[in-house]
Amino acid sequence: MPDRDWSLVLFTTLAQWSAGIVLLLSWSLFSNTGPVFATVIGAGNPVLLALMLIAAATLSAFLHLGNPANAPKALNNLAGSWLSREILAIAVFSLSLFSTLVSGWLSGAGAALQYLLALSALCGLALLWMMARIYLVPTIPAWNNWHTPVSFILTTLNLGLCSLLVFQAAGMARIDDVLVNGLMTALMLTLFATTAAGLLHQLQLQKLNSCMHKPVFDRGPFFTVFLLRMALLLGAFLTIFYVLIHTTLLPESNYSAWLYALGSLVLAEEIAGRFLFYAAYFRTGV
Amino acid sequence: MKRLAFYFDSGACSGCKTCQMACKDKHDLGPGQLWRRVYEVTGGGWVKQGSTWQQDVFAYNLSMSCNHCEDPICVKNCPTRALCKRADGIVRIDQGLCIGCQYCAWVCPYGAPQFNPQTGVMGKCDFCADYLDEGKNPSCVDACPMRALDFGDLEALLEKYGPGDLIYPLPDPAITGPSICIRAHPQAGRADAGVANIEEVKIA
């Protein structure tokens, strides 16, 4: 993978992380046992964190450009290019998040915040779809398949679910015990889906070939990172099992530490997964 | 609408790479920039015939630049509209609009758009449009000592040279509709072919 593609690993992971936080916050606000979180502008505000993540994602995307001075021209081809549409979706998502942040700051947690957050979540979903469409091109067999949208959705859910659990551990949100257990179970399911999708895609990659390029997926650095990712996923599973089994026995400080460890494992696994995504690139033809 | 195209005779090409050098010279391209490249395709080995072993090795060349496709995937996907198709079918890049995202290089199955790290923007074969405007031929066509390269309107080329062939390692032409007419080397259909100079034609 070229060094410049690291900025895309960061860009897509951070943007999907941000969309995941918004999506899960919005969904949980509409449930009966929704979380209570700070709406004042400060370090403990999850909406501000989501906004900072999308800002960091946008900055890292700039690092990929050879000529960032022309960046505003990336909106020139909205009619034909998914890349242009993605840039627009980032702007709209950021704007709606900013409105949510300001609304929460001015009026507190009310219906306005709830609906603005839902609007942001919809914008996040649109961004996710446009991001996935960029990679669905017929000349890149490793990307032009079911795995691209599925892996993007799973990254969003994994990081969103983990974030809510970490917010609870960090005191950024008060989440009902029933909802915490629900989040843990949901995370276990999405991690299982991530493992299954990763294994299936790996098998699919090993069967791919092209006219000239003969990429190697079943040994070497690519396969080493794949194994590392699977080990991280296993670590995340074991952590969830441990926390679920010992919830009532763990002192509060230990409980938080386990949730931080879970969050770190999932983030590392997602970065490894995104690295594999870009490293799998090869095009058909010459 | 006119559709300018290249013609390449794989059987006539000696692999001297004068076309490649003429292109680099004309466009002042640095190391790693190969708007026209020559792929050396080889294959074959030893085969047993009765009680003896015979060799059936083969080699042919493929000179490839931008094919100024009918449905150029680079133009369709360029976020800034820096890539556009002229009325005569030439796909050109306006470097003043390019952001250097390299998406066109990702998606083009012919490796035509290439990133220039010095300028931070993409560059590609423009059919030597300035030469064409002056009534001259593209530099690669004029430089070829074997007369393996020609150019003109695609329909006229097909009439002159017959229907083109699809040879290894080119992709399915249905993807982008390349404007190229290729006369295949007699051994071009062999299944055991491979590109021998991948490192040489690797684009920066």
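Residues numbered from 1 in each chain as written. Chains lettered and ligands numbered in written order. Predicted model: local features only at pLDDT ≥ 70, side-chain atom pairs only at ≥ 80, totals over all residues. Heavy atoms only, no water.

### What to know about the overall build of chain A
Point 1. Looking only at helices and strands, chain A features eight helices and two strands.
Point 2. Overall, chain A shows an N-to-C arrangement of helices and strands of α-β-α-α-α-α-β-α-α-α.
Point 3. Expected size for 286 residues packed as a compact globule is a radius of gyration near 19 Å; at 20 Å, chain A falls within 12% of this value.
Point 4. Considering only C-alpha atoms, chain A reaches an extent of 55 × 45 × 25 Å along its principal axes.
Point 5. The buried share among the 286 residues of chain A stands at 53%.
Point 6. Within chain A, residue pairs in contact and separated by at least 24 positions form 77% of the contacts whose partners lie at least 6 positions apart.
Point 7. When the accessible area of chain A is evaluated, it comes to approximately 12200 Å², of which 72% is carbon and sulfur surface. (Helix = DSSP H or I, 4+ residues; strand = E, 2+ residues; numbered from the N terminus. Rg over C-alpha atoms; globule rule 2.2 N^0.38 Å. Buried < 20%, exposed > 50% of the residue type's maximum accessible area, 1.4 Å probe, protein only. Contact = heavy atoms within 4.5 Å. Areas by Shrake-Rupley, 256 points an atom, 1.4 Å probe, with all protein chains shown as cover.)

### Considering the interface of chain A and chain B
Point 1. Chain A puts 35 residues into the contact, and the matching count from chain B is 38 residues.
Point 2. For the pair chain A and chain B, the summed buried surface comes to about 2700 Å²; carbon and sulfur atoms form 60% of the total.
Point 3. Put simply, chain A and chain B have zero salt bridges between them.
Point 4. There are 23 residue pairs in polar contact (both at pLDDT 80 or more) connecting chain A and chain B.
Point 5. Counting only elements with at least two residues in the side of chain A that touches chain B, the list comes to α3 (82-107) and α4 (111-135) of chain A. (Buried area = accessible area lost by both parts, 1.4 Å probe. Salt bridge = Lys/Arg side-chain N within 4 Å of Asp/Glu carboxyl O. Polar contact = N/O pair within 3.5 Å; in protein donor to acceptor, adjacent residues only side chain to side chain.)

### Observations regarding the pattern of salt bridges
Residues and elements named next belong to chain B.
Point 1. Overall, the coordinates contain 16 salt bridges over all chains when judged by the stated rule.
Point 2. In this structure, the salt-bridge partner of E200 is K17, at a minimum N-O distance of 3.0 Å. Of this pair, E200 sits in helix α7 (residues 198-201) while K17 sits in the loop between β1 (4-9) and α1 (18-27), and the two are 183 residues apart along the sequence.
Point 3. Residue E200 is classed as partly exposed on the basis of its relative accessible area of 37%.

### Notes on empty space enclosed by the protein
All names here are of chain A.
Point 1. Per the counting criterion, the structure on display carries five cavities of 30 Å³ or more.
Point 2. If you go around the largest cavity, you meet 20 residues; those closest to its centre are H147, G198, H201, R229 and G273.
Point 3. Among the elements of the structure, α5 (147-170), α6 (177-207), α7 (220-246) and α8 (252-279) are those that each provide at least two residues to the lining of the largest cavity.
Point 4. The element contributing the most residues to the lining of the largest cavity is α6, with six residues.
Point 5. For the lining of the largest cavity, a count of residues per class yields eight nonpolar, nine polar and three charged. (1 Å grid on protein atoms, 1.4 Å probe; cavity = no way out; pocket = protein on both sides within 12 Å on 5 of 7 lines; lining within 4 Å. Points joined across faces, edges and corners; volume = space filled by probe spheres on them. Nonpolar A, V, L, I, M, F, W, Y, C, P; charged D, E, K, R; others polar.)

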